[in-house]
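# Close look at the chain arrangement
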Amino acid sequence: MRQFNISVIGLSGTEKDRGQVGVGKSCLCNRFMRPMADDYFIDHISVLSQSDFSGRIVNNDHFLYWGEVRKTTDEGVEYQFNIIEQTEFMDDSTFQAFKVGKMDPYLKRCTATKVFSAEKLMYICKNQLGIEKEYEQKVMPDGRLSIDGFVVVFDVSPVPNRSVEKQVEFVQNAIASILKNKKPLVLVTTKNDDAYELYVREAEKISQRKDYKSTVQLIETSAHESINIDLAFLLLAQMIDKVKNRVKIISYQDSAKSRKELLDTRSEAVTRLIRNQITDYHVLWSQGSKMLSQYREWNEFLNIFGHEAGQKLFRRHMKKLRDDHLNKKLAQYLDKFALALECMLPDIGALNISDEEPWECARHYLQNHIDFEQYFFECPQASWTELVDMDEAEDEARIPFDVLETSEAETVFRNYLNSVQQDKKKIGWKQQFKMLLEESGFVTPGKQLSEVRVLFMGRECFEALSEHDCQQIYDIHQDEIIEKSKQNFVELLLEHAQYFLQFKNVDNITQEDVRQITEVIQEDSRYKMLDRLDQERRMMLVQHWRFIHCPIREHCPFFYNCVDSLIEEVLSDKSTGNHKTPSGVGGWKNSGGSDRTLNLLIVGSEHLASDLLNDIRICTGSKGEYIYENQTYYLNYRIANGDMEAFKAIDVYSSGLICVYSNQQSFETLKDNLERTLLCNLELEDKFENLPIVLVYQPQDLKENEVEYLRSEGMRLSEMLHCDFIDHTQNHQKYVYDILNIVILSLKLTEMKSYEPYPSNHTDLRILCCIFCGDQYDIENIVQPLVAESTLVKAGEHSIIIDVFIGDAKRRVEFILSSYHGTSQYRDELIHGYIYFYSAKRRSSLANLSILAAQNANIPLQIIAVTESGGVNAFFNSDICQFLITEGNAVADRFKGSFMTFSADQYVNCFL
């Protein structure tokens, strides 16, 4: 192995000679001899005490022995170096150079080719002075060294009190002296990380002087950044060894770029290592460093950056782990807090925010809330972060109350506050837009929103709502006016019932038949209102045609309000005394008088259940009132996700279960939970007995084949579960009403099944009481005089028997209550008389009465006109009422019957 003795020289002396700081000789030697970060020091000796100068390290000499080190080239050639640094030490008392014997000038001393110093120790760092025994002790070989080459240092950084000319002069003189002694040298620029371009050019000029004959090579270095240090010494060794293929000189910029890439690679590698190996933020530095020391990436990082940088990186990772853990826990608390706000503060009106900030008011309100301990807990001994650090909050499902002191909790509250306020505004805008549609005469059945949009431009309620909301409300309004127009059209057809009777072959309706009836009604506004829905109008016409010739309950245009169904319900209720709820169904509860409350549970993915609830609220108004068969129902709602836990929320007070799905995923979830709940869970069997279930399909963003597939799957599931299925694709409002009607009707039918009718007895008279479907009066007021009789006996679903006095004789009379279209089933039975009820404000009611009376002209009859208010007031307050009462009286005279009026708002015994 070749061994070289290298002398490092550069401008030295007092501050007057070298400026405020040195040229970087010591840092250059330090980085070359001990390149690891923990062994590199930036502060080295220059001003000493007399005792330190006389110690074995300095040894009364103006040079330092840095020891020996081995270095290897890229080709694998190994060299051994002995390094000395020629400098000039200052006395700390006089700040002048120490005088040793005959003191030669520094230029002469530093270029000397031989150095002597018996028992001189290797220099390591400044702290070594005075405590040499605590450091490695290595003596300069033989007390003397013959210098093989020189490293001449030129500082390119700006230094106060140092002129570049002084440094140029020294370097040129030193190079001249070295070349005179025929020794190789390299010119090394130091501190290139803080280089001044003018000084760099001066150094380049020196190396390029012609009189040096290209013997002076320039190397750009930075000891602080560890750039090109080994390159300078290896190049000098190859020059001494006269190697032809020497190491390539690399510019500072290229070396700095390569160095940065190396540092980034090592940093990324150790960052990944720490992230993968250290996952618990409770790990201490002593434990973590021991664990990481097994990995090459960690040791390489420490060699380059040092233990201090490794510890800093470790602690930063620990802080991030802790912050991530706290943030995750805080996010969980904030999710719970958002739910707590919905339960504890459903109405922001409960906050008195006029005198203080809403957030302060909200915290005070929550702290004094009756349900505080259900959602929160207080721990005055420690903050929530300390509880999380100690893992004492892991088993606690509640929220530490001091979490509400965080800005994140305030943000959650303000978002909730804004959401509630925005929802209120949105509800107000929706109501205003709905009223605007109702007041507008331009919106007719079948018109698209795009056709009338221009009429609403500039209106706040229209501009503030989204396109989806506007379309949704418009669709609801369209459903309403279409439904109303259809009802009016049915009413038109009922008024012309006489014209339908002339067509005998109802199974083969021809285009000519349709033309003839259309000519009769086409000028009526109720016909014209459906001009845009001609196909539906034609279908209704044919359906009505068939109903006239086959008048069964299933074909009745007032199916849910068919008189036959209402009579069954009224008689079932009245004949048993007090109202009774069948076992197994919570049904409804009385809320005073005849009003009832429905408790509905809506199950589906969160937004589906909420959307359906919004639709119901729009249709039923803010009070949640729904009128069915002249009876008011108050609606209570709950919404839940479609899982098993949602179905367990059903209790004895539940009136109906509404299940919503929109796509394949929501359908599969709902189906799985329904099947497991209704078919497999015996514990819940009693809850679902007789409970009305409605399966609602609301397709959203689906292809046509997917829509049809999910529709058929929903119908198949409803058949399997024996529940009702509603497809929400066309009539927006009707599907909401259908849901409510199905629930109410199912509960009523369940009640009716629990009653057994009384057996029929022999009767003296049978009276058929006929009521027209769709008349707007309470049937219960008509039936009340009969059921109030003490001799009442129920003979069937539609008939009751009572004992009455006719003259002086007591007779048993059976009263049969039926709709107009239901009288056909009694055609072959013995009937002694008819009582016809009709509405005194409805033309179709009297028109159909006339037809029915003509068909039974030979049997005694009584015609009763039902008015809103009785007697003379009903006759004179309304032209239509006056006309219909007069006409009804005329019909009674024509068939030799009796006529009377009956007030719908009071009980009057009109049968006897």
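Scroll up for the structure.
Residues numbered from 1 in each chain as written. Predicted model: local features only at pLDDT ≥ 70, side-chain atom pairs only at ≥ 80, totals over all residues. Heavy atoms only, no water.

Per the counting criterion, the structure on display carries 46 salt bridges. The salt bridge partner of Arg 296 is Glu 300, with a shortest N-O separation of 3.2 Å. Of this pair, Arg 296 and Glu 300 both sit in helix 10 (residues 296–305), 4 residues apart, which is roughly one turn of that helix. For Glu 300, a relative accessible area of 22% puts it in the partly exposed group. Here Asp 347 ties to Lys 424 by a salt bridge, and the two come within 3.8 Å at their closest N and O atoms. (Salt bridge = Lys/Arg side-chain N within 4 Å of Asp/Glu carboxyl O. Helix = DSSP H or I, 4+ residues; strand = E, 2+ residues; numbered from the N terminus. Buried < 20%, exposed > 50% of the residue type's maximum accessible area, 1.4 Å probe, protein only.)

Here we take up unusual backbone geometry. In this model, Lys 213 sits at a positive phi of 55°, which is unusual for a non-glycine residue. Of note, the phi angle at Ser 214 is positive, near 60°, even though the residue is not glycine. For Ser 214, a relative accessible area of 60% gives the class exposed.

The subject of this paragraph is the packing of helix 12 (residues 358–367) against helix 15 (residues 407–439). Put simply, helix 12 and helix 15 touch, their axes get as near as 10 Å, and they point 100° apart. Considering their axes alone, helix 12 and helix 15 lie roughly perpendicular with respect to each other. Where helix 12 abuts helix 15, its residues Pro 358, Trp 359 and Ala 362 lie against Ala 409, Glu 410, Phe 413, Arg 414 and Leu 417. Taken together, the residues that form the contact of helix 12 with helix 15 break down as 6 nonpolar, no polar and 2 charged. (Axes fitted to C-alpha atoms, helices over the stretch in contact; angles between N-to-C directions. Parallel < 35°, antiparallel > 145°, perpendicular 65-115°, else oblique. Contact = heavy atoms within 4.5 Å. Nonpolar A, V, L, I, M, F, W, Y, C, P; charged D, E, K, R; others polar.)

This next bit is on helix 31 (residues 843–855). With 13 residues, helix 31 should reach 18 Å at 1.5 Å per residue; the first-to-last C-alpha distance of 19 Å fits that figure. Where helix 31 is concerned, the buried positions are Ser 844, Ser 845, Leu 846, Asn 848, Leu 849, Ile 851, Leu 852 and Ala 853. If you follow the buried residues of helix 31, they end up packed against helix 18 (467–495), helix 19 (497–500), strand 20 (765–771), strand 24 (833–839), strand 25 (861–867) and helix 33 (879–894). (Expected span 1.5 Å × (residues − 1).)

This part covers the packing of helix 11 (residues 307–344) against helix 15. The contact between helix 11 and helix 15 brings their axes to 10 Å, and the two run at 35°. Here the hand of the crossing between helix 11 and helix 15 comes out right-handed. For the pair formed by helix 11 and helix 15, the contact residues are Leu 330, Leu 334, Phe 337, Ala 338, Leu 341 and Glu 342 on the first element and Glu 408, Ala 409, Val 412, Phe 413 and Tyr 416 on the second. Across the contact of helix 11 with helix 15, the residue classes tally to 9 nonpolar, no polar and 2 charged. (Left-handed = near helix turned anticlockwise from the far one by under 90°.)

A grouping of Asp 280, Asp 391, Glu 392, Glu 394 and Asp 395 is seen on the molecular surface, where their side chains present a negatively charged patch. Looking at where Asp 280 falls in the secondary structure, it is placed in the loop between helix 8 (252–277) and helix 9 (285–292). The class for Asp 280 is partly exposed, based on a relative accessible area of 37%. (Patch = residues over 30% accessible without salt bridge, like charges linked within 9 Å, V, L, I, M, F, W, Y side chains within 5 Å. Areas by Shrake-Rupley, 256 points an atom, 1.4 Å probe, with all protein chains shown as cover. Lys, Arg positive; Asp, Glu negative; His and termini not counted. Charge placed at Lys NZ, Arg CZ, Asp CG, Glu CD.)

On the secondary structure map, Lys 312 appears in helix 11. Since its relative accessible area comes to 58%, Lys 312 is described here as exposed. In this structure, the C-alpha to C-alpha distance between Lys 312 and Asp 564, residues 252 residues apart in sequence, is 87 Å.

Our next topic: the sheet that holds strand 9 (residues 185–190). Strand order across the open sheet formed by 6 strands is 3-4-1-8-9-10, with mixed pairing between neighbours. Every interior strand has two partners, whereas the edge strands, strand 3 (63–72) and strand 10 (217–220), have only one. Each strand of the sheet is rotated relative to its neighbour by a mean of 25°, with strand direction disregarded. Examined bridge by bridge, strand 9 and strand 10 share 4 bridges and lie parallel to one another. In the strand pairing of strand 10, Leu 187 is matched with Leu 218. On top of the sheet, helix 2 (residues 25–33) reaches strand 1 (2–9), strand 3, strand 4 (78–86), strand 8 (149–155) and strand 9; it is set at about 35° to strand 3, its chief contact. (Pairing = 2+ DSSP bridges.)

This brings us to the sheet that holds strand 21 (residues 793–794). One open sheet holds the 7 strands; their spatial order is 21-22-23-20-24-25-26, and the pairing between them is mixed. Whereas interior strands pair on both sides, the edge strands pair on one side only; in this sheet they are strand 21 and strand 26 (898–903). With 7 bridges connecting them, strand 20 and strand 23 (residues 809–819) associate as parallel partners. Counterpart to Cys 769 in the pairing with strand 23 is Leu 817. Relative to strand 24, helix 31 is tilted by about 165°, and along the sheet it contacts strand 20, strand 24 and strand 25.

In this section: the nonpolar core. In this structure, Ile 6, Phe 81, Ile 83, Val 151, Phe 154 and Phe 233 are the most contacted members of the largest nonpolar core, which totals 77 residues. Element by element, the count of residues in this core is highest for helix 7 (residues 229–240), at 10 residues. For Ile 6, the contacting residues outside a window of four places in its chain are Phe 81, Asn 82, Ile 83, Ile 84, Gly 149, Val 151, Phe 233, Leu 236 and Ile 240. Counting residues in each nonpolar core, the second largest holds 74 residues, with Leu 566, Ile 835, Ile 864 and Val 891 among its members. (Core = buried A, V, L, I, M, F, W, Y, C linked by side-chain atoms within 4.5 Å.)

To continue, consider the packing of aromatic side chains. Inspection of the entire model under this criterion finds 34 aromatic pairs. Look at Phe 53 and Phe 89: their rings are 6.3 Å apart centre to centre, the planes differ by 70°, and that puts the pair in the edge-to-face class. With Phe 53 in helix 3 (residues 50–54) and Phe 89 in the loop between strand 4 and strand 5 (90–91), the pair connects residues that are 36 residues apart, well separated along the chain. Neither residue differs from the other here; Phe 53 and Phe 89 are each classed as buried. Aromatic side chains Tyr 196 and Tyr 199 sit 4.9 Å apart centroid to centroid with 90° between the ring planes, which places their arrangement in the edge-to-face category. Residue classification places Tyr 196 among the partly exposed residues on the basis of a relative accessible area of 39%. An aromatic cluster of at least three residues, connected via ring pairs, comprises Phe 337, Trp 359, Phe 372, Phe 376, Phe 401 and Phe 413. Cation over ring: Lys 71 sits above Phe 32, and NZ or CZ is 4.9 Å from the ring centre. Directly above the ring of Phe 63 sits Lys 120, whose terminal nitrogen or CZ lies 4.5 Å from the centroid. (Phe/Tyr/Trp six-rings, centres within 6.5 Å; stacked < 30°, edge-to-face > 60°. Lys NZ or Arg CZ within 6 Å of the ring centre and 35° of its normal.)

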